Structures are given as C-alpha cells and as structure tokens.
Amino acid sequence: MVERPDGPAGAEHDAEAGAAAADEVLDRPLPEGVRRRVVALTAEAFGGLTVTELPPPLRQYARFTPSRRAKFAGNAMAAALENDAVFRQRIASRLREAQPELAEALDNGTPPAAADPLDVAAAAYVLRPEGWVKLVAAAGEEAQRARAERAGEEAERELAALREELARVRAEARSEAERVRGDLDALRKENESLQRKLRSALSDVKRGEAAVRKAAAETESVRAAAAQEKSAADSEVRRLKARIAEAEGSLEASRRATREGRSVEDMRLRLLLDTVLDAAQGLRRELALPPADTHPADTVDAVAPGKMTPKDIATRALSETDPALLDQLLALPQAHLVVDGYNVTKTGYPTMPLDKQRLRLLGGLAVLAAQTGAEMTCVFDGAELAAPVLLAPPRGVRVLFSKPGVTADELIRQLVRAEPPGRPVVVVSTDREVADGVAKAGARPVASALLLKRLARI
C-alpha cells in the first residue's frame, strides 16, 4: 500500500497522479448515474472551500445547501470538474479527507468489492487514479446492467401482471359470454312466449270482432223489434187514453147525478135532525140531565197506550186538503169518528215506519177533532206491535190497540155495536168486510182516501 502524504505533499501527489492519468480520457459521455454521484460529491465538498478557491461561475452558489447546489449548479460543477484541474484537485482533497479508505483503495487499484459501483466510479472520476477510465466505464456498464436487470424484472412483473389481467379478463369474458348466452336463451324463450301470446291475442281479437258483429246484428234486430213494439204500445196507449177520457166523463156525470140526489136527501135529513135536536134539547132541559162524562167507547175492553214523557213525543206531520162530505158528517150532533188506523196509514204513506205512521195520523186527527168538535177514536191492530207502545194520545183523540187474538176489525165492530141506535157513527176504512159489517150495525163507512184528502187540508 502506498501512503499519501498530507498537506502540500498530498497536493503534489495529486498533481503527479493527475499528470500520470492525463493520458486517460473517456471515449463516451459520463454515465448518468455516475454523473449524479459526482455532482453530489462535489456539492458536499463545495462547502469546505473558500470563495476564492471556487471557480468564478460557482461562487454565487457558495451559500447554498448541498441539495440546492446539486439542483441549481449541477451542470456548472460538472463542467468545472471536467475543465478546471485545480478545482478538481481541491474537490479530490476534500473527498480524501471525507472518505480516506475509498481513496486509498482506488490509489492501490483495488476498489472495495462491497462498495457501490457508482460511488466507486464517481470517486475515481474525481481522484483520477491510474485506470480511472476503466472504473468509470465498468461502473457505467454495471449501472446499465443493473438498469437492464431492473427493467427486465419490471418487465417480468409487468408481464406477470398482464398475464394475470389477461386471465382475469378472459375469465370475465367467459363469464360474460355465458351470462349473455343465458340472457339470449331467456330472451329467445320470452320471445317465443310473447309470440304465442300474440297469436292467442290475435285469435281472441278476431273472435271478439266476430262476436261484436254478431251482437251488432242482434242489437239492430232487437232495436227494430222494439221500435215495432213501441209503435204498437203508443197506439194502445192512445186507445186507452181515449177510453179513460170517456170513463172519466161518465164518472163525472154520475157524480153530478149523485150529488143532486144527495142534496135533496141531505135537506130532508137536516130537517129531521133539526127537529130531533130541538126535541132532545127540550127533553134535556125538562129532565135537567147533566152532561155525559163517560162515553160508550170507554167501556170497551182494549189495550190503552202507555204513558210517555215529553222526550218520547215524536214530531207530528202536517197535512193539506179534504172534501166537504166528511165535514158534513162530522158536523152532525154527537158524531163519533172511528178510524181503522193502519188501513189509513198504509194507504196514504206505506213506506214510513209504523211508529211514524201512527204519529202522523194521530196528529192530523187531533187537529180535525179541534176543528169539528167530534168524538174520535183511532184503532190499531195490536198484532203489529213488537213491544208495548209508549204513546201520549193527542187531545180529543182516543187511541186503542186490539188485544192479542183480536183484530182491529173486530174491535171497530165492537165500538160500533156499543153505540146507541141513532147516534151518528162514521167508520173510516177501505176494508170492504169492515165497511159492510159497520153499515149493518148502523154506522156510515167512508173510504180511507176521503180522510186522507181531508187531513191534507189541515
């Protein structure tokens, strides 16, 4: 091993070594990796020099940090090392102080095997020992080989990744192809099903059109038949209207004749009644008879309505008109009007509930009793009752319900038979059996419609 003297002798040694290696020159540009290491070494050793020791182009970077010198003055330092031997020797001296073992190994021509080839080449470029060109070229080749290996490894890794990606893409393509085939099969089946449905729908449409045509023909036939029937019905209606007009004319003529006949009878009857009334009044004065406070109808055994509170009283219906015949009958002295209740209500307002029918009829009878002063008894069939009736009879109207097993018709006949002969008793009922029975007992039957017309005037 050759020891390098320190101080001026070391500089002389460097000068001698530089002169010895002056004949050695690079035949190619400095490898990029070596150049970067050279610039880094120069930037580190840069700070150990004074401003006067620096080449003029580099003095402006004296205060920069090593990393900033390498960044902004890299090209200038490389040019100074290449062209300024004194600057290179100063940098070499700083490198020997910083890395003495590496410098000594290069001087001896035995670079460390474990050292980085780029570091060795950079140090050789700065120190310029004998054979430095070979070291730089070998470092460049090593760096190129390392780059090639790295590029090969990267290429292998990329190729492996590409192969994996290709395998994945192929698997996805196969999966997608299978899915597409499955979708295609499903679509094909759906298409076949839709075509079958379409054919069925077209067949249904054709059948429907045929049915519509048939229905239209039948409708036209029915319309024609209906038109003929309507024409025949119109003719029949006109004929019936003519007959009705004739019947109404005949009926009116008959009514006029009846009224004329009745007017004479009424006059004779009124004369007789006035005579009887005057005789009865004289007899009452002669015998000093008190007024009667009990009526025969009060002795008839029947079910009287229950008592009601004011909250149980329903609203009474109002009425409108009535003929004069009933007024004439009720104007007779001590007249007693007996009403077949349900016969009247079911003739006049059958759609109403039974309780509403009773209240409406009794309300009208109460007003009629107040207007005429006649005694009035309204009879209802007890068989129609689902429960005992809570009813407050209106003033002037007696309300009776037949007992179980006894009809309202029988109760009316009992009331008529209970009256003395000669007393005016008027029975309102459309029932022919009731009318005939009371007529035999001396009462005067009238139709329910007559009472309804009279109550309609109230």
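Here the structure is a predicted model, which means the values were calculated and not measured.

Cut-offs applied
- Residues numbered from 1 in each chain as written.
- Predicted model: local features only at pLDDT ≥ 70, side-chain atom pairs only at ≥ 80, totals over all residues.
- Heavy atoms only, no water.
- Helix = DSSP H or I, 4+ residues; strand = E, 2+ residues; numbered from the N terminus.
- Buried < 20%, exposed > 50% of the residue type's maximum accessible area, 1.4 Å probe, protein only.
- Contact = heavy atoms within 4.5 Å.
- Core = buried A, V, L, I, M, F, W, Y, C linked by side-chain atoms within 4.5 Å.
- Pairing = 2+ DSSP bridges.
- Axes fitted to C-alpha atoms, helices over the stretch in contact; angles between N-to-C directions.
- Parallel < 35°, antiparallel > 145°, perpendicular 65-115°, else oblique.
- Nonpolar A, V, L, I, M, F, W, Y, C, P; charged D, E, K, R; others polar.
- Left-handed = near helix turned anticlockwise from the far one by under 90°.
- Right-handed = clockwise from strand over helix to strand, strands pointing away.
- Patch = residues over 30% accessible without salt bridge, like charges linked within 9 Å, V, L, I, M, F, W, Y side chains within 5 Å.
- Areas by Shrake-Rupley, 256 points an atom, 1.4 Å probe, with all protein chains shown as cover.
- Salt bridge = Lys/Arg side-chain N within 4 Å of Asp/Glu carboxyl O.
- Lys, Arg positive; Asp, Glu negative; His and termini not counted.
- Charge placed at Lys NZ, Arg CZ, Asp CG, Glu CD.
- pLDDT = per-residue confidence, 0-100.
- Phe/Tyr/Trp six-rings, centres within 6.5 Å; stacked < 30°, edge-to-face > 60°.
- Lys NZ or Arg CZ within 6 Å of the ring centre and 35° of its normal.
- Polar contact = N/O pair within 3.5 Å; in protein donor to acceptor, adjacent residues only side chain to side chain.

Visitor: Before we go on, may I ask you to explain the overall build of the protein in this structure?
Guide: What the protein contains, in helices and strands, is 14 helices and five strands. Buried positions account for 29% of the 458 residues belonging to the protein. Considering only residue pairs separated by 6 or more positions, the protein has 67% of its internal contacts joining residues 24 or more positions apart.

Visitor: Just checking my understanding: could you explain the nonpolar core for this structure?
Guide: Membership of the largest hydrophobic core comes to 33 residues, with the highest contact counts inside it found for Val38, Leu58, Met77, Phe87, Ile91 and Leu106. Of all the elements in the fold, those that place two or more residues in this core are helix H2 (32-46), helix H4 (74-83), helix H5 (85-98), helix H6 (100-107), helix H7 (117-127) and helix H8 (132-287). Take this core: its biggest share by element is nine residues, from H7. The residues touching Phe87, leaving out its near neighbours within four places in the chain, are Thr42, Leu49, Glu53, Leu54, Pro55, Leu58, Met77, Ala80 and Leu81. Core analysis: the next-biggest nonpolar cluster, separate from the first, contains 32 residues, Val339, Leu365, Cys378 and Val399 among them.

Visitor: Looking at this structure, how should I read the sheet that holds strand S4 (residues 425-428)?
Guide: Strand pairing in a sheet relies on backbone hydrogen bonds, with the paired strands running either antiparallel or parallel. Spatial strand order, S3-S2-S1-S4-S5: five strands in an open sheet with parallel pairing. For this open sheet the edge positions go to strand S3 (397-401) and strand S5 (444-446), each flanked by a neighbour on one side alone. Sheet twist, expressed as the mean angle between neighbouring strand axes with direction ignored, is 20°. Pairing of S4 with S5, which is carried by three bridges, proceeds in the parallel orientation. Among the inter-strand pairings, Val426 is bridged to a residue of S5, identified as Arg444.

Visitor: It is not clear to me how the packing of H4 against H5 should be interpreted in this structure. Could you clarify?
Guide: Packed helices, taken two at a time, are described by the angle their axes make and the gap between the axes. Two numbers describe how H4 lies on H5: the axes approach to 6 Å, and their chain directions differ by 105°. Classified by the interaxial angle, the pair formed by H4 and H5 is roughly perpendicular. Along the contact surface, H4 presents Met77, Ala80, Leu81, Glu82 and Asn83, while H5 presents Ala85, Phe87, Arg88 and Ile91. Residue classes in the contact of H4 with H5 are distributed as six nonpolar, one polar and two charged.

Visitor: Can you walk me through the packing of H2 against H7 in this structure?
Guide: Two elements in contact, H2 and H7, have axes whose closest approach is 8 Å; the angle formed by their N-to-C orientations is 65°. By crossing handedness, the relation of H2 to H7 is classed as right-handed. Each of Gly33, Val34, Arg37, Val38 and Leu41 in H2 lies in contact with H7, whose residues at this interface are Leu118, Asp119, Ala121, Ala122, Ala123, Tyr125 and Val126. Tallied by class, residues from the contact of H2 with H7 come to nine nonpolar, one polar and two charged.

Visitor: Help me understand the pairing of strand S1 (residues 336-340) in this model?
Guide: Side-chain positions along a regular strand alternate between the two faces of the sheet. Burial within S1 is extensive, with five of its five residues counted as buried. Burial along S1 is two-sided: His336, Val338 and Asp340 and Leu337 and Val339, pointing in opposite directions, are all buried. Two elements, S1 and S4, share four bridges in a ladder whose sense is parallel. Among the inter-strand pairings, Val338 is bridged to a residue of S4, identified as Val427.

Visitor: Help me understand the pairing of S4, please; the structure alone is not making it clear to me.
Guide: Taking every second residue as pointing to the same face, both faces of S4 are buried, with Val425 and Val427 on one and Val426 and Val428 on the other. Between S4 and its parallel partner S5, the chain crosses via helix H13 (residues 432-440), and the hand of that crossover is right-handed.

Visitor: Would you take a moment to explain a negative patch on the surface for this structure?
Guide: There is a patch of like negative charges on the surface, built from Glu153, Glu154, Glu156 and Glu158. Looking at where Glu154 falls in the secondary structure, it is placed in helix H8.

Visitor: Would you mind showing me how to read the confidence of the model for the protein here?
Guide: In low-pLDDT segments, the atomic positions of the prediction should not be examined closely. Averaged over all residues, the pLDDT of the protein equals 79, while 80% of them reach at least 70. When pLDDT is averaged over each helix and strand of the protein, the minimum, 46, is found for helix H1 (residues 8-20) and the maximum, 96, for S1. A low-confidence stretch, residues 1-22 stays under pLDDT 50, and its non-local contacts, those more than four residues away or across chains, total 19 contacts. The low-confidence segment residues 307-322 (pLDDT under 50) makes 33 contacts with residues lying over four places distant or belonging to another chain.

Visitor: What's the story with the pattern of salt bridges in this structure? I'm lost.
Guide: Two side chains that carry opposite charge are able to pair once their charged atoms sit near each other. Summed over all chains, the structure comprises 19 salt bridges. A salt bridge links Asp185 to Arg188; its shortest N-O distance comes to 2.8 Å. You can see Asp185 and its partner Arg188 sitting in helix H8, three residues apart, about one turn around the helix. Given the relative accessible area of 38%, Asp185 is considered partly exposed. Given a relative accessible area of 42%, Arg188 falls into the partly exposed group.

Visitor: Got a minute to help me understand the packing of aromatic side chains in this structure?
Guide: Aromatic rings in a pair are described by how distant their centres are and how their planes are angled relative to each other. Going through the model one piece at a time under the given rule, you end up with three aromatic pairs. An aromatic cluster of at least three residues, connected via ring pairs, comprises Tyr342, Phe380 and Phe401. The side chain of Lys346 reaches across the aromatic face of Tyr342, ending 5.5 Å from its centre.

Visitor: What exactly am I supposed to notice about the side chain of Gln357 here?
Guide: When you line up the elements, Gln357 lands in helix H11 (residues 354-372). Within the structure, the side chain of Gln357 is placed 3.5 Å from the backbone oxygen of Pro350, a separation counted as a polar contact.

Visitor: Is there a simple way to explain the environment of Leu41 in this structure?
Guide: With respect to the helices, strands and loops of the structure, Leu41 is situated in helix H2. Residue contacts for Leu41: discarding those within four places in its chain leaves Leu95, Gln99, Ala122 and Ala123.

Visitor: Sorry if this is basic, but what is going on with the side chain of Asn343 here?
Guide: Within the fold, Asn343 resides in helix H10 (residues 341-348). Among the polar contacts listed, one links the side chain of Asn343 to the side chain of Ser448, at a separation of 2.5 Å. The contacts of Asn343, once residues within four sequence positions are left out, are Ser429, Thr430, Asp431 and Ser448.

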